[in-house]
Amino acid sequence: CLTRRGDHAEAQRWLERVTRMGVDASVAAEKVIADGIAQKAFNAVMKTAAVAGDLPSAKRWYRQATEIGIVPSMSTFSSLIWTAIQADDLGTAEDWYEAVLLTRRTPRVADVNKLLNYTSEKGYLPVAARWYGKAVDAGVEPDVDTFRALVNAAGKSGDFVAAEIWNERAVAAGAEPDGMALDGMINAAVSYGDLSVALSWFQQAVSEGVRPMNRTLDTLLKSAAQKVDFQAAENWYQEGSAVGMAPDITVFDSLIRAAANKGDMATAETWFDRAVEVHSKPLWSTFDVLIRAASRKGNLSG
């Protein structure tokens, strides 16, 4: 009942008290065989430690459990893996994932997807691909979210060839095109530096009725600003406007800065007017950039 309440410290205290009273490793192992008491107790404290986000205690209880031959339940492994992920401890998460595979049980696809989502956000494509392969070998049936995570991992790592491959597999698995998959693919193209491919994917997605995510448009416009490619920025802006999308205020700031720093005050003013139209009030730093640029050109008429 303590574990159902999530009382990590109290559950841990009772288990420690029981072991101090003489329930040593051999007795605990006998209890597992007899009635599962130790099995339930250790699973309970491991899960409460995980729920509390106490990774060191979760590790300690896991080690003690395995030393006496107790194998955590699948739900306990799920909690342990998720705690390691939230603690940004990739090594421990992978160790526990491997431990599940060693029990010859098939991991739950939801748990596999948690691992893949974690690695995809970090851009760890090789790790994500390795975990995917092990999951499939263990009998996991990948779903749409599995492939979306892999597309995102490829995107974050800048591998747009891999992004295309994983996206094709997602479609083959029945995935409907969506903004998240598009975002991963466009991130890959942008990271690789190929804005023409990014534009092609964006236009294809829109033609198929997929609404891109706002952050996708922001990524594209910021990339154009970094490259000081105002024609590309104009193309992206028009594409986004056509489907009712508007850039974040910081994106306008990036474009205005790029134009002002180049000395192209006409372009800077165009983006400034658009920022006012969309967001009413630009950032103060935007005004500062424009004032400084105008002063360098000797044009303070405003």
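This paragraph deals with the overall build of the protein. Within the protein one finds 17 helices and zero strands. The buried share of the protein, taken over its 302 residues, is 45%. Looking at the protein alone, contacts between residues at least 24 apart form 68% of all its contacts between residues at least 6 apart. Total accessible area on the protein is roughly 15,100 Å²; 52% of this is exposed by carbon and sulfur atoms.

Here we come to the side chain of Thr119. Mapped onto the elements, Thr119 comes out in helix α7 (residues 109-122). At 2.9 Å, the side chain of Thr119 and the backbone oxygen of Leu116 are in polar contact.

Aromatic rings in a pair are described by how distant their centres are and how their planes are angled relative to each other. Applying the stated criterion across every chain, the model contains nine aromatic pairs. Consider the rings of Tyr62 and Trp96, whose centres lie 5.6 Å apart with planes at 70°: the pair is edge-to-face. Of this pair, Tyr62 sits in helix α4 (residues 55-67) while Trp96 sits in helix α6 (residues 90-102); the two residues are 34 residues apart in sequence, bridging distant segments of the chain. Tyr62 sits in the buried class, given a relative accessible area of 16%. The ring of Trp166 has Arg169 lying over it, and the distance from NZ or CZ to the ring centre is 4.6 Å. Lying over the aromatic face of Trp271, Arg274 brings its terminal NZ or CZ to 4.7 Å of the ring centre.

Counted by the stated rule, this structure contains seven salt bridges. Residue Arg148 is joined to Asp145 by a salt bridge in which the shortest nitrogen-to-oxygen separation is 3.4 Å. Linking Arg148 with Asp145, this pair stays in helix α9 (residues 144-157), spanning three residues, or about one helical turn. The closest approach of N and O atoms between Glu234 and Arg274, which form a salt bridge, is 2.8 Å. Of the two residues, Glu234 sits in helix α14 (residues 230-242) while Arg274 sits in helix α16 (residues 265-279), which places them 40 residues apart along the sequence. Owing to a relative accessible area of 23%, Glu234 belongs among the partly exposed residues under this scheme. According to the relative accessible area criterion, Arg274 is buried, its value standing at 14%.

A separate point is a nonpolar patch on the surface. A surface patch of nonpolar side chains, amounting to about 350 Å² of accessible area, comprises Trp284, Phe287 and Ile291. Tracing the chain through its elements places Ile291 in helix α17 (residues 284-297). You can call Ile291 partly exposed: its relative accessible area is 48%.

A few words now on the packing of helix α13 (residues 214-226) against helix α15 (residues 249-262). Running from N to C, α13 and α15 point in directions that differ by 15°, and their axes come no closer than 9 Å. By the angle between their directions, the pair α13 and α15 is classed as roughly parallel. As α13 runs across α15, the sense of the crossing is left-handed. Residues Asp218, Leu221, Lys222 and Ala225 of α13 pack against Thr250, Val251, Ser254, Leu255 and Ala258 of α15.

This part takes up helix α12 (residues 195-207). For α12, spanning 13 residues, the distance from its first C-alpha to its last is 18 Å, which sits close to the expected 18 Å at 1.5 Å a residue. Following α12 by one or two positions, Gly209 adopts a phi angle in the positive range, close to 85°.

Here we come to the side chain of Asp111. Its location among the elements puts Asp111 in helix α7. The exposure class assigned to Asp111 is buried, which follows from its relative accessible area of 9%. Side chain to side chain, Asp111 and Ser78 meet in a polar contact 2.7 Å long.

Between helix α8 (residues 125-137) and α9, whose axes approach to 9 Å, the crossing angle comes to 160°. When the axis of α8 is compared with that of α9, the two are roughly antiparallel. Our pair here, α8 against α9, has a crossing hand that is left-handed. Along the contact surface, α8 presents Leu125, Ala128, Ala129 and Tyr132, while α9 presents Thr146, Phe147, Leu150, Ala153, Ala154 and Ser157.

The predicted model of the protein averages 77 in pLDDT, with 82% of residues at 70 or higher. Note that residues 1-8 has pLDDT below 50 and, in this model, 13 contacts with residues that lie over four places away or in other chains. Contacts of residues 23-35 to residues separated by more than four positions or lying in other chains number 13 contacts, the stretch itself having pLDDT below 50.

Cut-off values and rules
Residues numbered from 1 in each chain as written. Predicted model: local features only at pLDDT ≥ 70, side-chain atom pairs only at ≥ 80, totals over all residues. Heavy atoms only, no water. Helix = DSSP H or I, 4+ residues; strand = E, 2+ residues; numbered from the N terminus. Buried < 20%, exposed > 50% of the residue type's maximum accessible area, 1.4 Å probe, protein only. Contact = heavy atoms within 4.5 Å. Areas by Shrake-Rupley, 256 points an atom, 1.4 Å probe, with all protein chains shown as cover. Polar contact = N/O pair within 3.5 Å; in protein donor to acceptor, adjacent residues only side chain to side chain. Phe/Tyr/Trp six-rings, centres within 6.5 Å; stacked < 30°, edge-to-face > 60°. Lys NZ or Arg CZ within 6 Å of the ring centre and 35° of its normal. Salt bridge = Lys/Arg side-chain N within 4 Å of Asp/Glu carboxyl O. Patch = residues over 30% accessible without salt bridge, like charges linked within 9 Å, V, L, I, M, F, W, Y side chains within 5 Å. Axes fitted to C-alpha atoms, helices over the stretch in contact; angles between N-to-C directions. Parallel < 35°, antiparallel > 145°, perpendicular 65-115°, else oblique. Left-handed = near helix turned anticlockwise from the far one by under 90°. Expected span 1.5 Å × (residues − 1). pLDDT = per-residue confidence, 0-100.

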